[in-house]
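Each chain is listed here by its residues.
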Amino acid sequence: MAKKLKILIFPDPRLRKVAKKVIKFDKSLEILANDMLKTMYEANGIGLAATQVDFHVRLVVMDISEDRNDPKIFVNPMYQVLDNYKLYEFEEGCLSIPGFNEIISRPDKIELTWQDLTGKEHKDYPEGLLTVCIQHEIDHLDGKLMVDYVSALKRDRVRKRLLKELNRK
Ligand code: GNR
Ligand code: NI
C-alpha cells in the first residue's frame, strides 16, 4: 500500500536542494511516485515535487482535475517558453508554505517534455492551470519557491510565522 510522506515546510534548507535527473526507471521510482500521489491527495494539493518530501530526484506528480481522479506523473520534466508567450497572473499556494497565497506571473505558453515511469519520452503544449502548476513544480526541483518571487519583506514575514509555528509543535 502507498505510504503518506512528510512534507517539508519553508524555511527548511532541504527545500533548496537541486534534484538529480532520474536515470533508473525501476520499481523504487514507481513506489515513490505512488507514495507522492497519496501524500498529495491527503493534503488536498494539485501537485507535488519529490523535493517537498525530501527525495532529491526529478519527479513530479499532479492532479488538476475537478473530481481528483486523473493522476499524472512527470519524470525529468523540462520546459521551454514559446516565443509568443504572455505573462499570466495566477494566485498560487504551496503545500510547503502553508497559509501563504500570492499572485505570481508566469509565461502562459510552454513546450513541455517529460518521461513516464517506463522512461518513454513525451511532449505537449499545456494550457491554463497545468502550465502554471508544472512551472511551480519544476521550480521545486531546482530549489526555488514561490516566496522567491515576492518582496523580501513578505518572505521574511512568512518565514518568521512558520518558524514560530514549528517551535510551538
Ligand atoms: O496545491 C497546490 N496548488 C497550487 C495552486 C496554484 C498554483 C500551484 C499550486 S501547486 C500546490 C501544491 C504544491 O505545493 N506543489 O508544489
Ligand atoms: Ni509547491
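Above this note sits the structure.
(A) The arrangement of the coordination of the nickel ion (ligand 2) in detail. Donor atoms from the polypeptide that bind the nickel ion (ligand 2) are Cys-94 (SG), His-136 (NE2) and His-140 (NE2), placed at 2.1 to 2.4 Å. Considered as a linear motif, the donors of the nickel ion (ligand 2) on their single chain read C-x41-H-x3-H. With Cys-94 in the loop between β4 (87-93) and β5 (101-107) and His-140 in helix α2 (residues 129-141), this pair connects stretches of sequence that are 46 residues apart. Here the two residues Cys-94 and His-140 agree in accessibility, since each one is buried.

(B) Looking closely at the pattern of salt bridges. This model, assessed by the stated rule, comprises 16 salt bridges. Taking the shortest distance from any N to any O, the salt bridge between Glu-42 and Lys-4 comes out at 3.9 Å. Separated by 38 residues along the polypeptide, Glu-42 in helix α1 (residues 27-42) and Lys-4 in the segment before α1 bring together distant segments of the chain. Residue class for Glu-42 comes out partly exposed when judged on its relative accessible area of 46%. Its relative accessible area of 53% is what places Lys-4 among the exposed residues. Sharing partners across several salt bridges, the network here consists of Lys-4, Lys-38 and Glu-42.

(C) Spatial organisation of the nonpolar core. Membership of the largest hydrophobic core comes to 15 residues, with the highest contact counts inside it found for Met-36, Leu-48, Val-53, Leu-59 and Val-61. Of the residues forming this core, the biggest block, six residues, is contributed by α1. In this structure, Leu-48 is in contact with Ile-7, Met-36, Thr-39, Met-40, Val-53, Leu-59, Val-60, Val-61, Leu-95 and Glu-137, ignoring residues within four places of it in sequence.

(D) Molecular detail of the site of ligand 1. The full set close to ligand 1 counts 14 residues, and Ile-46, Gln-52, Leu-95, Glu-137 and His-140 are the nearest of them. Contacts to ligand 1 include Gly-47, whose backbone N or O atom sits 3.1 Å from a nitrogen atom. Measuring from an oxygen atom of ligand 1, one finds a side-chain N or O atom of Gln-52 at 2.8 Å. Burial of ligand 1 by the protein chains amounts to 91% of its free accessible area of 380 Å². Broken down by secondary-structure element, the contributors of at least two residues to the shell around ligand 1 are β4 and α2. Considering only residue class, the shell around ligand 1 consists of five nonpolar, six polar and three charged.

(E) Broad picture of the packing of aromatic side chains. Overall, the coordinates contain two aromatic pairs when judged by the stated rule. On the basis of an interplanar angle of 65 degrees and a centroid distance of 5.2 Å, the ring pair of Phe-74 and Trp-114 is categorised as edge-to-face. Residue Phe-74 is located in strand β3 (residues 72-81), and its partner Trp-114 is located in strand β6 (residues 110-115); the two are separated by 40 residues in the primary sequence.

(F) Representation of the pairing of β6. Along β6, six of the six residues are buried, which leaves the element largely enclosed by surrounding structure. Residues Ile-110, Leu-112 and Trp-114 line one face of β6 and the alternating positions Glu-111, Thr-113 and Gln-115 line the opposite face, and both faces are buried. Sheet topology note: the β6/strand β7 (residues 121-124) ladder contains four bridges and is antiparallel. Bridging from a neighbouring strand, Gln-115 pairs with Glu-121 of β7.

(G) Region of interest: the state of the cysteines. Scanning all chains against the criterion turns up zero disulfides. This cysteine, Cys-133, is not joined by any disulfide, and Cys-94 carries the nearest cysteine sulfur, 9.8 Å off.

Quick notes on the rules
Residues numbered from 1 in each chain as written. Chains lettered and ligands numbered in written order. Predicted model: local features only at pLDDT ≥ 70, side-chain atom pairs only at ≥ 80, totals over all residues. Heavy atoms only, no water. Donors = N, O, S within 2.8 Å, 3.2 Å for Na, K, Ca; no water. Helix = DSSP H or I, 4+ residues; strand = E, 2+ residues; numbered from the N terminus. Buried < 20%, exposed > 50% of the residue type's maximum accessible area, 1.4 Å probe, protein only. Salt bridge = Lys/Arg side-chain N within 4 Å of Asp/Glu carboxyl O. Core = buried A, V, L, I, M, F, W, Y, C linked by side-chain atoms within 4.5 Å. Contact = heavy atoms within 4.5 Å. Near = heavy atom within 4 Å. Polar contact = N/O pair within 3.5 Å; in protein donor to acceptor, adjacent residues only side chain to side chain. Areas by Shrake-Rupley, 256 points an atom, 1.4 Å probe, with all protein chains shown as cover. Nonpolar A, V, L, I, M, F, W, Y, C, P; charged D, E, K, R; others polar. Phe/Tyr/Trp six-rings, centres within 6.5 Å; stacked < 30°, edge-to-face > 60°. Pairing = 2+ DSSP bridges. Disulfide = S-S within 2.5 Å.

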